[in-house]
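Remarks on the overall topology
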Amino acid sequence: MIIGRSRIWFKKKHFLILLLTTACFKLCPAQQNEQPIVKSQADISELTEKFYGADDILISGSVYVPSSPLITHHPYFDREEWHEGTVYIDGRTFEDQQIKYDLPSRKMILNAKLTEGATVKIVLNTRKIDSLYLGDHLFINSKFLSLPEPDTSFYELICRSGFVFITGYHKEFIRKYTSSSPYGLWSDQKAVHFIHTGQWYRVTSKRSLLDWFPSGKDEIRKYMHMNHIRFRKATTDQLKGLLVHCSAYYQR
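Scope of this entry: the structure provided in the associated data block. Remember, it's a predicted structure, so these values are computed and weren't measured experimentally.

1. A few points about the packing of helix α4 (residues 217-226) against helix α5 (residues 236-247)
Axis separation between α4 and α5 bottoms out at 10 Å; the angle between their running directions is 160°. Classed by the angle they form, the pair α4 and α5 counts as roughly antiparallel. As for how α4 packs across α5, the hand of that crossing is right-handed. Contact residues: α4 offers E219, I220, Y223 and M224, while α5 offers G241, L242, H245 and C246.

Dropping the structure here:
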């Protein structure tokens, strides 16, 4: 009921009806291996035109300049490797794309394959993207969410079942220089959660989660104990299973 069914629905309709609002989502592009030399914005336009033909969806994008590879760990969501993804923009669907989410910069990176076979990493235009899949993770542009503190990032849709539950992710650069990380390091991936029940509320702990499901507190605690779920360190899959279980106790 969470992501699986939604994915089929998106592919058929090519747009997204957002959460508890009636906002429609459109969606965006990309793909893969060897980096051409880019000297100017004119070159960027030429490269995107080679990849997309007459399509100017990403003409306003820019070539991605990654952070130093000498920094320990990586700044991306979930993993350093590319995610196979589907992007939605302006009512169009672009499947089988290679994408990374650079968390510190809040940039979605496209590994675009040119007609010559080379690849160029392009920063997707955040203003145009409506939503996208990174593997099985459905991310929604925050501009559609009307969060209490607006930002320019993307939030993963965890559950939509009477209430809506989303998660945002972030990393930061740690200026800690040691023999094992002489150039500093990227922090572990951290998550922030929100629930929508007429308006958005921050969910910071197991206790604040349980407050939304008063009739099922004991059963939810039991479920978390049996599945070894610690709320603050829960994985996406654990959260999805937990919120499905919680939804049975939601009272509007």
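Next comes the rest of the account.
2. Side note on the environment of I174
The topology assignment puts I174 in strand β12 (residues 173-174). Relative accessible area serves as the criterion here: at 29%, I174 is assigned to the partly exposed category. In the structure, I174 is positioned 102 residues away from T72 in sequence and 9.7 Å away in space, judged by C-alpha atoms. When near neighbours in sequence (up to four residues on either side) are disregarded, I174 contacts G184, L185 and S187.

3. Side note on the pattern of salt bridges
Using the criterion set out here, one finds 4 salt bridges in the structure. In this structure, D211 engages K217 in a salt bridge whose closest nitrogen and oxygen atoms are separated by 3.6 Å. The closest approach of N and O atoms between D218 and R221, which form a salt bridge, is 3.2 Å. Here D218 and its partner R221 are both found in helix α4, 3 residues apart, which amounts to about one turn of the helix. The class of R221 is partly exposed, set by a relative accessible area of 37%.

4. Quick notes on the packing of aromatic side chains
Both the distance between ring centres and the angle between the ring planes are used here to describe each pair of aromatic rings. This model, assessed by the stated rule, comprises 11 aromatic pairs. For the ring pair Y101 and F139, a centre distance of 5.7 Å and an interplane angle of 80° mean the geometry is edge-to-face. A residue pair is termed long-range when its members are at least 10 positions apart, and Y101 in strand β5 (residues 92-102) and F139 in strand β9 (residues 137-141) qualify at 38 residues. Take Y101 and F139: they sit in the same class, and that class is buried. Site record: aromatic cluster; members linked through ring pairs are F77, Y101, F139, F154 and Y169. Between the NZ or CZ atom of K100 and the centre of the ring of Y76, over which it lies, the distance is 4.5 Å. Its end group placed over the ring of W82, K100 keeps NZ or CZ at 4.8 Å from the ring centre.

5. Here we look at the pairing of strand β15 (residues 200-203)
Sheet topology note: the strand β14 (residues 190-196)/β15 ladder contains 4 bridges and is antiparallel. Paired with H193 across the bridge in β15 is V203.

6. Remarks on unusual backbone geometry
One non-glycine residue, D90, adopts positive backbone phi at about 50°. Note on placement: D90 falls in the loop between β4 (83-89) and β5. A residue is classified by how much of its surface remains accessible, and D90, at 46% relative accessible area, is partly exposed. In this structure, S146 takes a positive phi of about 55° despite not being glycine. In this structure, S146 sits in the loop between β9 and β10 (154-161). Among the residues examined, S146 registers a relative accessible area of 63% and is labelled exposed.

7. Describing the side chain of D102
Considering the arrangement of structural elements, one finds D102 in strand β5. Within the structure, the side chain of D102 is placed 2.6 Å from the side chain of Y64, a separation counted as a polar contact. Discounting chain neighbours no more than four positions away, the residues touching D102 are Y64, P75, Y76, K107 and I109.

8. Section: the sheet that holds β4
Pairing is antiparallel in the open sheet, where 11 strands are placed in the order β3-β7-β6-β5-β4-β8-β9-β10-β11-β14-β15. Only two strands of the sheet have a single partner each, and these edge strands are β3 (62-63) and β15. As defined by bridge partners, strand β11 (residues 163-170) adjoins β14 across 7 bridges and the pair is classed as antiparallel. Bridged to G168 within β14 is V192. Here α5 sits on the sheet in contact with β9, β10, β11 and β14, set at roughly 30° to β10.

Cut-offs applied
Residues numbered from 1 in each chain as written. Predicted model: local features only at pLDDT ≥ 70, side-chain atom pairs only at ≥ 80, totals over all residues. Heavy atoms only, no water. Axes fitted to C-alpha atoms, helices over the stretch in contact; angles between N-to-C directions. Helix = DSSP H or I, 4+ residues; strand = E, 2+ residues; numbered from the N terminus. Parallel < 35°, antiparallel > 145°, perpendicular 65-115°, else oblique. Left-handed = near helix turned anticlockwise from the far one by under 90°. Contact = heavy atoms within 4.5 Å. Buried < 20%, exposed > 50% of the residue type's maximum accessible area, 1.4 Å probe, protein only. Salt bridge = Lys/Arg side-chain N within 4 Å of Asp/Glu carboxyl O. Phe/Tyr/Trp six-rings, centres within 6.5 Å; stacked < 30°, edge-to-face > 60°. Lys NZ or Arg CZ within 6 Å of the ring centre and 35° of its normal. Pairing = 2+ DSSP bridges. Polar contact = N/O pair within 3.5 Å; in protein donor to acceptor, adjacent residues only side chain to side chain.

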